[in-house]
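# Examining the three-dimensional arrangement
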Amino acid sequence: PPVPGRTKVELFPEGGFLIAGLASRIAFKATNQFGIPVRIKGLLLNDKDKTIDTLKVKHDGMGRFNVLCKPGESYKINWTDENGNKGTTPLVAGKTEGVNLSVTTTNDKALVRMERTQGVTDNFKQLHLLVHMNQQLYYKVAINMAEKNALSAQIPIDEMPTGILQFSLFTADWIPIAERIVFVNNHLHEFNV
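We now turn to the structure provided with this report. (Residues numbered from 1 in each chain as written. Predicted model: local features only at pLDDT ≥ 70, side-chain atom pairs only at ≥ 80, totals over all residues. Heavy atoms only, no water.)

### Description of the overall build of the protein
Of the regular secondary structure elements, the protein holds 0 helices and 14 strands. Projected onto its principal axes, the C-alpha positions of the protein cover 60 × 60 × 25 Å. A total of 193 residues make up the protein; the buried ones form 37% of that total. Here the analysis covers contacts within the protein between residues at least 6 apart in sequence; of these, 57% occur between residues at least 24 apart. Total accessible area on the protein stands at roughly 11,700 Å², and carbon and sulfur atoms take up 53% of it. Across the protein, 22 positive and 19 negative side-chain charges occur, with their mean positions spaced 5 Å apart. (Helix = DSSP H or I, 4+ residues; strand = E, 2+ residues; numbered from the N terminus. Buried < 20%, exposed > 50% of the residue type's maximum accessible area, 1.4 Å probe, protein only. Contact = heavy atoms within 4.5 Å. Areas by Shrake-Rupley, 256 points an atom, 1.4 Å probe, with all protein chains shown as cover. Lys, Arg positive; Asp, Glu negative; His and termini not counted. Charge placed at Lys NZ, Arg CZ, Asp CG, Glu CD.)

Right under this line is the structure:
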């Protein structure tokens, strides 16, 4: 006889954890007990059961959403799978202070945004950003966030080779705190036959 499906929804905050007071991007993945993707419909709710966002599956049970975690609030996802089964997945509270790094790309630029919470220690107010690919350093930037809580930068990528570009963020005393990767495709390996 067929085995009834048990759906599991996993959440993956960008950077590994949520920081209260900062906007975060969260990926989700819905699978059954055999690891096969499952389509779901879901709502992101706060602890007062107010709807914050809806979940949309993009491909193979996976998708993403953004959330601004307010201090003291908890969040959960109420979902219904393709078989009509319902469930709830809590969104685990993260840190109360820290720095968030996000990177998005256009055809010729990488848009980098760094945002920190108000009550961080002094070594989180002077940061270092390294941009590197294949163990070759392209940019090394000292960032002063003593007066500002958020900074944005544009890094040109149109003349870089095709490959994985890494953005590594360090504290003032060179302790790594965040890393993001993007794929740069400048079509250098394509040819017409």
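Moving on from the coordinates now.
### A short note on the pairing of strand β7 (residues 86–91)
On any regular strand, side chains alternate: one points to one face of the sheet, the next to the other face. Covered by surrounding structure in β7 are G87, T89 and L91 only, the residues K86, T88 and P90 on the alternate face being uncovered. Judged from the 6 bridges that link them, strand β6 (residues 75–81) and β7 form a sheet pairing that is antiparallel. Looking at the pairing, N78 lines up with T88 of β7. The hairpin formed by β6 and β7 contains 4 residues between the paired strands, and G84 there has a positive phi angle of roughly 90°. (Pairing = 2+ DSSP bridges.)

### Some words on the sheet that holds strand β11 (residues 136–144)
With respect to topology, 4 strands assemble into an open sheet ordered β11-β10-β13-β14, the strand pairing being antiparallel. Two strands close off the open sheet at either side, each with one partner strand: β11 and β14 (176–184). Along the sheet, successive strands turn relative to each other by an average axial angle of 15°, direction set aside. As paired strands, strand β10 (residues 126–133) and strand β13 (residues 163–170) are joined by 5 bridges and run antiparallel to one another. Across the sheet, residue V131 finds its bridge partner in β13, namely F167. (Axes fitted to C-alpha atoms, helices over the stretch in contact; angles between N-to-C directions.)

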